[in-house]
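Geometric and topological summary
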Amino acid sequence: MHIAMEQKKNILVITGSPRRGGNSSLLADAFIRGAEDMGHMITRFNAGHKQIKGCTACNKCYSKDTACVFKDDFNGLAPALESAELVAFITPLYWFTFPTQIKAAIDKMYALGIGGRNLKGKETMLLVCAETDDMTDFDGIVRSYELTNRYLKWADKGILLVPEVNNAGDILNTDALIKAEQMGSR
């Protein structure tokens, strides 16, 4: 009897925190560890440490050598977005949604549409941590994620929301890293 091996995926992890070594960074590390243990190929893009200007809707996307005519770090992300089979957004919650740094990267995904790139058929995951203990505070980021998936025709493969972590390392006192690693491994 032949049992098919699960297909290894090309996974793009986009992180959103500008704080190095913080809770969402640990969350990303755990997710990546689980995915690598299963043999998946991982590309990590730390949007919180990159320089990405907001989209100006100039509609000149791909009119030159890169996704965006404005030379910034999004041009390094665009090829990874195109080749990824699964995109994992791993971020802290800022004012009920994505932090500016990762939001700029998400906004510039517009360039791929204007450039005629096919982004359909991707899978996604959302992992978010926050200081709040009120789970409804995650509603904004979850809804933005859901609408992005619907618009791009992407399939949600899991959401992990981690409340009550603020200071660097607080997440170590939860089971969130175990859950993140499990998400990466499946």
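The structure contained in this document is the topic of the report that follows. Quick caveat: nothing in here was measured; it's all calculated off a predicted structure.

Scoring rules and cut-offs
Within each chain, residue numbers correspond to sequence positions counted from 1 in written order. Predicted model: local features are reported for residues with pLDDT of at least 70 only, side-chain atom pairs are reported and counted for 80 or more only, and whole-chain, interface and lining totals are derived from all residues. Hydrogens and water molecules were not included; the side-chain quantities draw on all heavy atoms of the structure. Between buried and exposed lies partly exposed: a residue is buried under 20% and exposed over 50% of the maximum accessible area for its type, with that area taken using a 1.4 Å probe on protein chains only. Put simply, DSSP H or I for four residues or longer makes a helix, DSSP E for two residues or longer makes a strand, and each gets a number counted from the N terminus. Pairing between two strands requires that DSSP report at least two bridges joining them. Seen with its strands pointing away from the viewer, a crossover is right-handed when the path leading from the first strand over the helix to the second is clockwise. Axes here refer to lines fitted to C-alpha atoms; in helices the fit is confined to the stretch in contact. Angles between the N-to-C directions go from 0 to 180 degrees. By definition in these notes, contact holds between two residues if any of their heavy atoms fall within 4.5 Å. Here, nonpolar core refers to any group of buried Ala, Val, Leu, Ile, Met, Phe, Trp, Tyr and Cys residues whose side-chain atoms link them within 4.5 Å. The term salt bridge refers to a pairing of a side-chain nitrogen on Lys or Arg with a carboxyl oxygen on Asp or Glu at a separation within 4 Å.

Considering the pairing of strand β1 (residues 10-15)
Most of β1 is tucked away: six of the six residues are buried. Every second residue of β1 is oriented toward a common face, with Asn 10, Leu 12 and Ile 14 on one face and Ile 11, Val 13 and Thr 15 on the other, all of them buried. Pairing analysis gives six bridges linking β1 to strand β2 (residues 41-46), with the strands arranged parallel. Within β2, the position partnered with Thr 15 by the bridge is Asn 46. Where the polypeptide runs from β1 across helix α1 (residues 23-37) and back to β2, its parallel neighbour, the crossover connection is right-handed. Across five bridges, the pairing between β1 and strand β3 (residues 86-92) is parallel. In the strand pairing of β3, Thr 15 is matched with Ile 90.

Notes on the pairing of β3
By the criterion of burial, β3 is predominantly enclosed, with seven of the seven residues buried. Both faces of β3 are covered, namely the face carrying Leu 86, Ala 88, Ile 90 and Pro 92 and the face carrying Val 87, Phe 89 and Thr 91.

Examining the sheet that holds β2
Taken in spatial order, the five strands make up an open sheet running β2-β1-β3-β4-β5, and their pairing is parallel. On the outer flanks of this sheet lie β2 and β5 (155-162), each paired with one strand and no other. Put simply, the sheet's adjacent strands are angled 15° from each other on average, direction ignored. Helix α6 (residues 176-185) rests against β4 (123-129) and β5 of the sheet, and its axis sits at about 170° to β5.

Notes on helix α3 (residues 100-107)
Taken as a whole, α3 has its buried residues at Ile 102, Ala 104, Ala 105 and Ile 106. Packed against the buried residues of α3 are β1, α2 (74-83), β3 and α4 (110-114).

Let's talk about α2
Within the span of α2, buried status applies to Phe 74, Asn 75, Leu 77, Ala 78, Ala 80 and Leu 81. Next to the buried residues of α2 lie β1, β2, β3, α3 and α4.

Things to note about the side chain of Asn 23
Along the chain, the position of Asn 23 falls in helix α1. Looking at Asn 23, the relative accessible area reads 2%, which means it is buried. Each residue touching Asn 23, except ones within four places of it in the same chain, is listed here: Cys 129, Val 165, Asn 166, Asn 167, Ala 168, Gly 169, Asp 170 and Ile 171.

Some remarks on the nonpolar core
In this structure, Ile 14, Phe 74, Leu 81 and Phe 89 are the most contacted members of the largest nonpolar core, which totals 35 residues. Of all the elements in the fold, those that place two or more residues in this core are β1, α2, β3, α3, α4, β4 and α5 (139-152). Broken down by element, this core gets its largest block of residues, five residues, from α2. Among residues more than four places away in sequence, those in contact with Leu 81 are Leu 12, Ile 14, Phe 74, Val 87, Met 109, Leu 112, Leu 119 and Lys 122. Membership of the second largest hydrophobic core comes to 22 residues, among which are Leu 86, Ala 88, Ile 171 and Ala 176.

Let's talk about the pattern of salt bridges
Enumeration according to the criterion identifies nine salt bridges in this entry. Its salt-bridge partner being Glu 181, residue Arg 33 comes within 3.3 Å of it at the nearest N-O pair. Highlighted residues: Arg 33 in helix α1 and Glu 181 in helix α6, separated in sequence by 148 residues. Owing to a relative accessible area of 39%, Arg 33 belongs among the partly exposed residues under this scheme. By relative accessible area, Glu 181 is classed as partly exposed at 26%. Close ionic contact of Asp 175 with Lys 179 constitutes a salt bridge, the shortest N to O distance being 3.5 Å.

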